[in-house]
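Residue strings, one per chain:
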Amino acid sequence: MTVSIWGVGTSMFGRQPARLPAQLAWDAIQEALEDAAVDGVDAAYVGTVFGAPGVAQRALSGVGITGIPIITVENACASGTTAFHEAHAAIAAGRYERVLALGIEQMSTLFDGPITPETTDSEQASGLLLPALYALSASRYMADYGMTLSDLAQVAVKNSRHGSLNPRAQRRRAVTEEEILSSRPIAEPLTLFQCAGLSDAAAAAVLGHERRDDRDVAIRASALKSGLAWDQASKHVWGFDVVADTSAIAYAQAGLGPDDIDVVELHDAFTIGELVTAEALGLAAPGQGASLVRSGEASLGGRRPINPSGGLLSRGHPLGATGLAQIAEITWQLRGEAGPRQVQGARTGLVETMGGGASGIDGNGCVVTILGG
Amino acid sequence: MNSLPPASKKLDALADPRPVIIQAGQHHLLDGRSCQACGHAIALQLPLCPRCRGPVEPAQFGPRGVIWALTVVHVPARPDDKVPYTLAYVDLDQGPRLLASVAPTDATVEVGSSVALTALSALGDPTVEVAP
Ligand SMILES: [Zn+2]
């Protein structure tokens, strides 16, 4: 039986230290419930990384959602889509009729800049944070494929242009290649404007069985995997294989391939991430991701836009909220409700979220979801 | 710089999760593990092979290796980090891939450069220097 998205909602994205995590969540939950035209749910799956114990119950009880099973999950940057994946599985298994998937993250009250190292992780304890991990991939791509600084910057040029059309994004200004490359270096070759901003937000979706409502969006596939060992025996840069493997499961479930996808929201926490991920999803051959951006194919108005929302680079990256914000964007796109950033005629969309942080493996978790069609 | 250490962590009491570097005569070596089933070289002292779950035995690797990827970091990860600093994935000869700090040098360091393990950095990180 098909499971559908009945409604979605998000808060604003950005640094909002004066708002409680619960307040951010209320915006997302209430919009999603109204959008779904329901007044309650039978269970809630909540994704958060740094959320305090009880953050989910505090948020849900504040809007009168009590007395139901509440399950909180952590899967790094893929926490929100992991909650979505589990909500989908629970409905498909017949456990519940209507389930809320919620992502919450307030980061500005915890960090000033990059996330601080997890001192029990072998590589983080050696001073490797995620920007540097992605920078290492970029370094390898430049050596292997002749990828240039301009190729990287063009990802941020495109996504900032898209983000300028997204009223909920943290960064809403189109920036030039020159501005991007001359912004503060973070981990070479990545500069500040090539890194998603520290952000606070919540995002939500209500899922249920297919019903007779043409605003509902069918979930064609949802796949979740953690990474295999990543080391000297790995053929690709960090994160490539887990995205490729997870998307292969999702494509098979949906009976679709990369050519059937009209619009994509993928994990561009850093510019290089969009290029590597686009290739891993089969949208371009290895080493050819930059050509999707250069040719305009991945831009709004192009053959298959990538990150019409502006992506994480524009929206900001409140870890647990990110995946459900991606789900919300594709839902709006497939309904034709995306306003000035609407992808014309979009029928089938793909969401990919990638979480990292545990060294020695190819990612803590990757979720690939195919919607619509 | 920006750390608010979680209140529950006693930072001075933490076990060190980093790979173990030992001195052997003139050389520094990585004291890791080798899989007895598939031969995989493992940087950390893990109880089983992460590739095949086979049994492992102690194995030393290095000192020489080749830079697989590198980055110059401009934002300190830890309060005592002095920026900029260079981090690299180093594929040790017949050994595992190791995240290492690259000792400051005037020589060109790039993907493919030959390097060798040297003494730990001031912060206790595995460190390589450009091979002579
Ligand atoms: Zn083995």
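The structure displayed is predicted, hence computed values, not measured ones. (Residues numbered from 1 in each chain as written. Chains lettered and ligands numbered in written order. Predicted model: local features only at pLDDT ≥ 70, side-chain atom pairs only at ≥ 80, totals over all residues. Heavy atoms only, no water.)

1. Structural notes on the overall build of chain B
Along chain B, the regular secondary structure elements total zero helices and nine strands. N-terminal to C-terminal, the α/β element order of chain B is β-β-β-β-β-β-β-β-β. Its C-alpha atoms put chain B at 45 × 45 × 25 Å along the principal axes. Within chain B, the proportion of its 132 residues that are buried is 47%. Within chain B, residue pairs in contact and separated by at least 24 positions form 48% of the contacts whose partners lie at least 6 positions apart. Approximately 6,900 Å² of chain B is accessible, and the part contributed by carbon and sulfur atoms is 52%. (Helix = DSSP H or I, 4+ residues; strand = E, 2+ residues; numbered from the N terminus. Buried < 20%, exposed > 50% of the residue type's maximum accessible area, 1.4 Å probe, protein only. Contact = heavy atoms within 4.5 Å. Areas by Shrake-Rupley, 256 points an atom, 1.4 Å probe, with all protein chains shown as cover.)

2. Section: the pairing of strand S2 (residues 43–47) of chain A
All names here are of chain A. Of all the five residues making up S2, five are buried; the element is thus mostly covered by neighbouring parts of the structure. Both faces of S2 are covered, namely the face carrying Ala43, Tyr45 and Gly47 and the face carrying Ala44 and Val46. With five bridges joining them, S2 and strand S4 (residues 98–105) adopt parallel strand pairing. Directly across from alanine 43, in S4, lies its bridge partner valine 99. Judged from the four bridges that link them, S2 and strand S3 (residues 70–73) form a sheet pairing that is parallel. (Pairing = 2+ DSSP bridges.)

3. Section: empty space enclosed by the protein
All names here are of chain A. Applying the stated criterion across every chain, the model contains two cavities of 30 Å³ or more. One number sums up the size of the largest cavity: a volume of about 100 Å³. For the largest cavity, the lining is made up of 14 residues, of which Tyr134, Trp238, Gly273, Val276 and Thr277 are closest to its centre. Secondary structure elements with two or more residues in the lining of the largest cavity: helix H4 (130–145), helix H7 (240–254), helix H8 (271–280) and strand S10 (348–355). Residues belonging to the lining of the largest cavity are distributed by class as follows: eight nonpolar, five polar and one charged. Grouping the amino acids of the lining of the second largest cavity by side-chain chemistry returns 10 nonpolar, one polar and no charged. (1 Å grid on protein atoms, 1.4 Å probe; cavity = no way out; pocket = protein on both sides within 12 Å on 5 of 7 lines; lining within 4 Å. Points joined across faces, edges and corners; volume = space filled by probe spheres on them. Nonpolar A, V, L, I, M, F, W, Y, C, P; charged D, E, K, R; others polar.)

4. Some remarks on the pairing of strand S8 (residues 217–225) of chain A
Residue and element names in this part refer to chain A. Relative to S8, strand S1 (residues 3–10) runs antiparallel, the two being bridged by three bridges. Within the sheet, the bridge partner assigned to serine 4 lies in S8 and is alanine 218. Pairing geometry for S8 and strand S11 (residues 365–372), over six bridges, is antiparallel. Bridged to isoleucine 219 within S11 is leucine 371.

5. Notes on the layout of surface pockets
All names here are of chain B. Considered as a void within the structure, the second largest pocket measures approximately 380 Å³ in volume. Taken together, 22 residues form the lining of the second largest pocket, with Tyr85, Thr86, Ser101, Val102 and Pro104 sitting closest to its centre. Broken down by secondary-structure element, the contributors of at least two residues to the lining of the second largest pocket are strand S6 (85–92) and strand S7 (97–102). Of the residues in the lining of the second largest pocket, the class split is 10 nonpolar, six polar and six charged.

6. What about the sheet that holds S8 of chain A?
Residue and element names in this part refer to chain A. Within the open sheet, the nine strands sit side by side as S3-S2-S4-S7-S1-S8-S11-S10-S9. Their pairing is mixed. This sheet does not close on itself; its edge strands, each paired only once, are S3 and strand S9 (263–265). On average, each strand axis in the sheet is inclined to that of its neighbour by 25°, with strand direction left out of account. Strand direction decides the pairing type here: S1 and strand S7 (residues 201–209), joined by seven bridges, are antiparallel. Residue pairing in the sheet places valine 8 in a bridge with alanine 205 of S7. Helix H11 (residues 319–335) rests against S1, S2, S4, S7, S8, S9, S10 and S11 of the sheet, and its axis sits at about 175° to S10. (Axes fitted to C-alpha atoms, helices over the stretch in contact; angles between N-to-C directions.)

7. Things to note about the domain arrangement of chain A
Residue and element names in this part refer to chain A. Split into domains, chain A comes out as domain 1 (3–110 + 200–219) and domain 2 (122–193 + 221–372). For domain 1 and domain 2, the distance between their C-alpha centroids amounts to 23 Å. Listed by partner, the interface residues are 44 residues for domain 1 and 39 residues for domain 2. Summed over both sides, the interface between domain 1 and domain 2 buries roughly 3,000 Å², with carbon and sulfur atoms accounting for 67% of that surface. (Domains from an automatic or database assignment. Buried area = accessible area lost by both parts, 1.4 Å probe.)

8. Here's the deal with helix H5 (residues 149–163) of chain A
End to end, H5 of chain A covers 21 Å across 15 residues, agreeing with the expected 21 Å (1.5 Å per residue, within 8%). Summarising burial for H5 of chain A: 13 of the 15 residues are buried, a large majority. (Expected span 1.5 Å × (residues − 1).)

9. With respect to the packing of aromatic side chains
By the definition in use, this model includes seven aromatic pairs over all chains. A ring pair is formed by phenylalanine 50 of chain A and phenylalanine 111 of chain A, whose centres lie 5.0 Å apart and whose planes are at 70°; its orientation type is edge-to-face. Taken together, the residues span a long stretch of sequence, with phenylalanine 50 of chain A in the loop between S2 and helix H2 (55–61) and phenylalanine 111 of chain A in the loop between S4 and H4 at a distance of 61 residues. Given the relative accessible area of 32%, phenylalanine 50 of chain A is considered partly exposed. Judged by relative accessible area, which is 6%, phenylalanine 111 of chain A ranks as buried. Seen in terms of ring centroids, tryptophan 68 of chain B and tyrosine 89 of chain B are 6.4 Å apart; in terms of plane orientation they differ by 70°. Their pairing is edge-to-face. Taken as a pair, tryptophan 68 of chain B in strand S5 (residues 64–73) and tyrosine 89 of chain B in strand S6 lie far apart in primary sequence, 21 residues in all. (Phe/Tyr/Trp six-rings, centres within 6.5 Å; stacked < 30°, edge-to-face > 60°.)

10. A closer look at the packing of H7 of chain A against H8 of chain A
All names here are of chain A. Contact geometry of H7 with H8 gives a least axis separation of 8 Å together with a crossing angle of 40°. With respect to H8, the axis of H7 lies oblique. Of the two elements, H7 crosses H8, and the hand of that crossing is right-handed. Contact residues: Phe240, Val243, Ala244 and Ser247 in H7; Val276, Thr277, Glu279 and Ala280 in H8. Tallied by class, the residues present in the contact of H7 with H8 amount to five nonpolar, two polar and one charged. (Parallel < 35°, antiparallel > 145°, perpendicular 65-115°, else oblique. Left-handed = near helix turned anticlockwise from the far one by under 90°.)

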